[in-house]
Amino acid sequence: MRFDKYFEPTTVEECCSILKEYGSDAKILAGGTDVVPRLKNKIWRPKAVVGISKLPDIDTIAVQKDHLVLGAGARLRKISLEKSLEKDYKVIMEAAGNVSSMQIRNIATIGGNACNASPSADAIQGLITMDAIAVITGPEGTREVAIADFFTGPGTTVLNTGEFLLQFKVPAPKPGTGAIYKKFAIRGDTDISIVGVGCRLTLQIDGTIEDARISLAAVAPKPIRAIEAEMLLIGKKLTTELIEQVGEAAANSCSPITDQRATAEYRKEMIRVWTRHAVEEAELRAKSS
Amino acid sequence: MERMEIKLTVNGRNHTLSVRPDRTLLEILREELNLIGTKKGCDDSNCGVCTVLMDGLAVKSCTILIPQANGHSITTIEGLEKEESLHPLQQSFIDHFAVQCGFCTPGMILTAKAILDENPTATEEDIREGLHGNICRCIGYKKVVESIEAVRDGKYKESCGEV
């Protein structure tokens, strides 16, 4: 591991000007749990590393009236244990709590999990399920991008050179909403997901599904939404038959690969199974909300 | 490459170091402060033998750049023992035969301390969940969990001070 300069900007402007000067030769360091191994293994050889932990409010976790603000530097473990999120944003706690081990969650950040853009990343599944908005800043100013559009492929995002992620804004769910993230892995949290499924359902008083989100991890080049499965749900009441169809639709919407963790065929099958579980449990939560 | 001034409190002692920022906390502990109780295993944040406490939270020191630890308080395995008396967790690991080759032990004990400090009534499940990031390839986990449960149950409090 070798780089020339380490910066620790204390204002967003200072951070922007460092990123402008170094361009693609700079790497942002949040928790570092993905960046540091890559520096050590010389996969990345930046000239400058820019630690963002001193930026103002970068580790904010703040529940506001109509949305939740998560600073890009908010630690995953803190999110996973934050009691104020339990009522409306439980799925975000769960997804963050499913990342790796306690030691990693103590240091890894929600922004890092997003910018690392691994298709199997767990924490961002909570954000996709809840329609989070990424707030990005850079030389051209600040812009907002829907989380579902944030990822462009394995390890790549919409961030341009010189830009960085500042925070996520998560809209407060409507009454009657329940959401859950289910991770399937051999060794529990510590392991990388074979598949992961997030589901959010908003129910009307009579039980009709008003809105639905299904997000899938580790079964495509990037985290995806199973939009056809969502469409099947909207406007209907949940039945055993419908749950089967939704599982089938989710399995058909993904394009997994075979690797050391599982074959592509097994992953598709598991998406069918875990989508069913996720939908059923999201409905239970919606009913009790 | 410029050196950087780093202030660290390690096991209660203050250090001011002038080091290159592209080194890890683990390297600084072992190579600059000679605290070799913290081990280097996979060096990739998978195995957990490099676990130390940073401001009381368990972290993997092999994957923390030294500037990230600047200004923070670190506890290593050397910091647990007090005046010739082992920490309750250390004594419990010995009494329960939770050590075979011993390489994972410092990391296991510090993780165990973090688990109990945060939740003094941690269940077996909580303990096992907390230990997920620590891998042992010889003694296994059963005796480790039993050692931690014994400390949780107060069997060591009087002889060994506080957890």
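Residues numbered from 1 in each chain as written. Chains lettered and ligands numbered in written order. Predicted model: local features only at pLDDT ≥ 70, side-chain atom pairs only at ≥ 80, totals over all residues.

### Notes on the overall build of chain B
In step 1: Regarding its fold elements, chain B presents seven helices and five strands.
In step 2: In terms of overall dimensions, chain B is globule-like: its C-alpha atoms have a radius of gyration of 16 Å, near the 15 Å expected for 163 residues.
In step 3: In terms of overall dimensions, chain B has a C-alpha envelope of 50 × 30 × 25 Å along the principal axes.
In step 4: Every one of the 163 residues in chain B was classed for burial, and the buried ones make up 46%.
In step 5: Within chain B, residue pairs in contact and separated by at least 24 positions form 60% of the contacts whose partners lie at least 6 positions apart. (Helix = DSSP H or I, 4+ residues; strand = E, 2+ residues; numbered from the N terminus. Rg over C-alpha atoms; globule rule 2.2 N^0.38 Å. Buried ≥ 20, exposed ≤ 12 C-beta atoms within 10 Å, placed from the backbone. Contact = placed C-beta atoms within 7 Å.)

### Some thoughts on the domain arrangement of chain A
In step 1: You can read the domains of chain A as domain 1 (5-51), domain 2 (61-171) and domain 3 (177-288).
In step 2: Computed over C-alpha atoms only, the centres of domain 1 of chain A and domain 3 of chain A are separated by 36 Å. (Domains from an automatic or database assignment.)

### Details of the sheet that holds strand S4 (residues 61-63) of chain A
Residues and elements named next belong to chain A.
In step 1: Strand order across the open sheet formed by five strands is S4-S5-S10-S6-S7, with antiparallel pairing between neighbours. Each having just a single partner strand, S4 and strand S7 (141-146) make up the two edges of the open sheet. If you compare each strand with its neighbour and ignore which way they point, the axes differ by 20° on average.
In step 2: The pairing of strand S6 (residues 133-138) with strand S10 (residues 164-171) spans five bridges and is classified as antiparallel. Note on S10: the bridge partner recorded for Thr137 is Phe164. (Pairing = 2+ DSSP bridges. Axes fitted to C-alpha atoms, helices over the stretch in contact; angles between N-to-C directions.)

### Overview of the interface of chain B and chain A
In step 1: The interface of chain B with chain A comprises 20 residues on the first partner and 22 residues on the second.
In step 2: At the level of secondary structure, the elements contributing two or more residues to the side of chain B that touches chain A comprise strand S4 (57-60) and helix H2 (66-69) of chain B.
In step 3: A total of four residues in the side of chain B that touches chain A trace back to one element, the largest contributor, which is S4(B).
In step 4: Looking at the side of chain B that touches chain A residue by residue, the classes come out as nine nonpolar, eight polar and three charged. (Nonpolar A, V, L, I, M, F, W, Y, C, P; charged D, E, K, R; others polar.)

### Describing unusual backbone geometry
In step 1: Look at A:Ser100: it is not a glycine, yet its phi comes out positive at around 45°.
In step 2: Within the secondary structure, A:Ser100 is located in the loop between helix H4 (90-97) and helix H5 (102-105).
In step 3: Here B:Asp55, not a glycine, exhibits a phi torsion of approximately 50°, which is positive.
In step 4: For B:Asp55, the location among the structural elements is in the loop between strand S3 (51-54) and S4.

### Topic: helix H1 (residues 25-32) of chain B
Residues and elements named next belong to chain B.
In step 1: Those residues of H1 lying buried are Leu25, Leu26, Ile28 and Leu29.
In step 2: On its buried face, H1 is in contact with strand S2 (13-19) and H2.
In step 3: Where H1 ends, the next residue or the one after it, Asn34, has phi of about 60°, a positive value.

### Examining the environment of B:Val59
In step 1: Topologically, B:Val59 is positioned in strand S4.
In step 2: Residue class for B:Val59 comes out buried when judged on the 30 C-beta atoms lying within 10 Å of it.
In step 3: Along the sequence, B:Val59 and B:Thr111 sit 52 residues apart, while their C-alpha atoms lie 8.5 Å from each other.
In step 4: With sequence-adjacent residues up to four places away left out, B:Val59 is seen in contact with A:Gln103, A:Asn106, A:Ile107, B:Val52, B:Met54 and B:Ile64.

### Some thoughts on the environment of A:Leu242
Residue and element names in this part refer to chain A.
In step 1: By the secondary structure assignment, Leu242 is in helix H9 (residues 240-252).
In step 2: C-beta crowding within 10 Å serves as the criterion here: with 15 such atoms nearby, Leu242 is assigned to the partly exposed category.
In step 3: On a C-alpha basis, the gap between Leu242 and Ala229 in space is 9.9 Å, while along the polypeptide they are 13 residues apart.

### A word on the packing of helix H3 (residues 88-95) of chain B against helix H4 (residues 105-118) of chain B
Residues and elements named next belong to chain B.
In step 1: Between H3 and H4, the shortest axis-to-axis distance is 10 Å and the interhelical angle comes to 125°. The angle between H3 and H4 falls in the class oblique. As H3 runs across H4, the sense of the crossing is right-handed. Residues Leu89, Gln90 and Phe93 of H3 pack against Thr105, Ile109, Ala112 and Lys113 of H4.
In step 2: A per-class count over the contact of H3 with H4 returns four nonpolar, two polar and one charged. (Parallel < 35°, antiparallel > 145°, perpendicular 65-115°, else oblique. Left-handed = near helix turned anticlockwise from the far one by under 90°.)

### Some details on the sheet that holds strand S3 (residues 48-51) of chain A
Residue and element names in this part refer to chain A.
In step 1: Strand order in the open sheet formed by three strands is S1-S3-S2, with parallel pairing between adjacent strands. Strand pairing shows two members of the sheet lacking a second neighbour, strand S1 (5-7) and strand S2 (26-29), which therefore form its edges. Going across the sheet, the axis of each strand differs from the next one's by a mean of 20°, ignoring polarity.
In step 2: Pairing between S2 and S3: four bridges, direction parallel.

### Section: the pairing of S3(B)
Residues and elements named next belong to chain B.
In step 1: By the alternation rule, side chains of S3 split into Thr51 and Leu53 and Val52 and Met54, which are all buried.
In step 2: Judged from the four bridges that link them, S3 and S4 form a sheet pairing that is antiparallel. For Met54, the partnering residue across the bridge sits in S4 and is Leu57.
In step 3: Both S3 and strand S5 (residues 73-75) contribute to a ladder of two bridges, which runs antiparallel. Of the residues in S5, the one forming a bridge with Leu53 is Thr75.

### Looking at the nonpolar core
In step 1: With 135 residues, the main nonpolar core has A:Ile92, A:Ile110, A:Leu216 and A:Ile271 as its most contacted residues.
In step 2: Sequence-distant contacts of A:Ile271, that is, excluding residues within four places in its chain, are made with A:Val195, A:Val197, A:Leu216, A:Val219, A:Ala250, A:Ala251 and A:Cys254. (Core = buried A, V, L, I, M, F, W, Y, C linked by C-beta atoms within 7 Å.)

### A look at the packing of H3(B) against helix H6 (residues 142-152) of chain B
All names here are of chain B.
In step 1: Interhelical geometry of H3 versus H6 gives an angle of 130° and a closest axis separation of 8 Å. When the axes of H3 and H6 are compared, the pair comes out oblique. Where H3 crosses over H6, the handedness of that crossing is right-handed. Between H3, through Pro88, Leu89, Ser92 and Phe93, and H6, the contact on the second element is made entirely by Ser147, Ala150 and Val151.
In step 2: Grouping the amino acids of the contact of H3 with H6 by side-chain chemistry returns five nonpolar, two polar and no charged.

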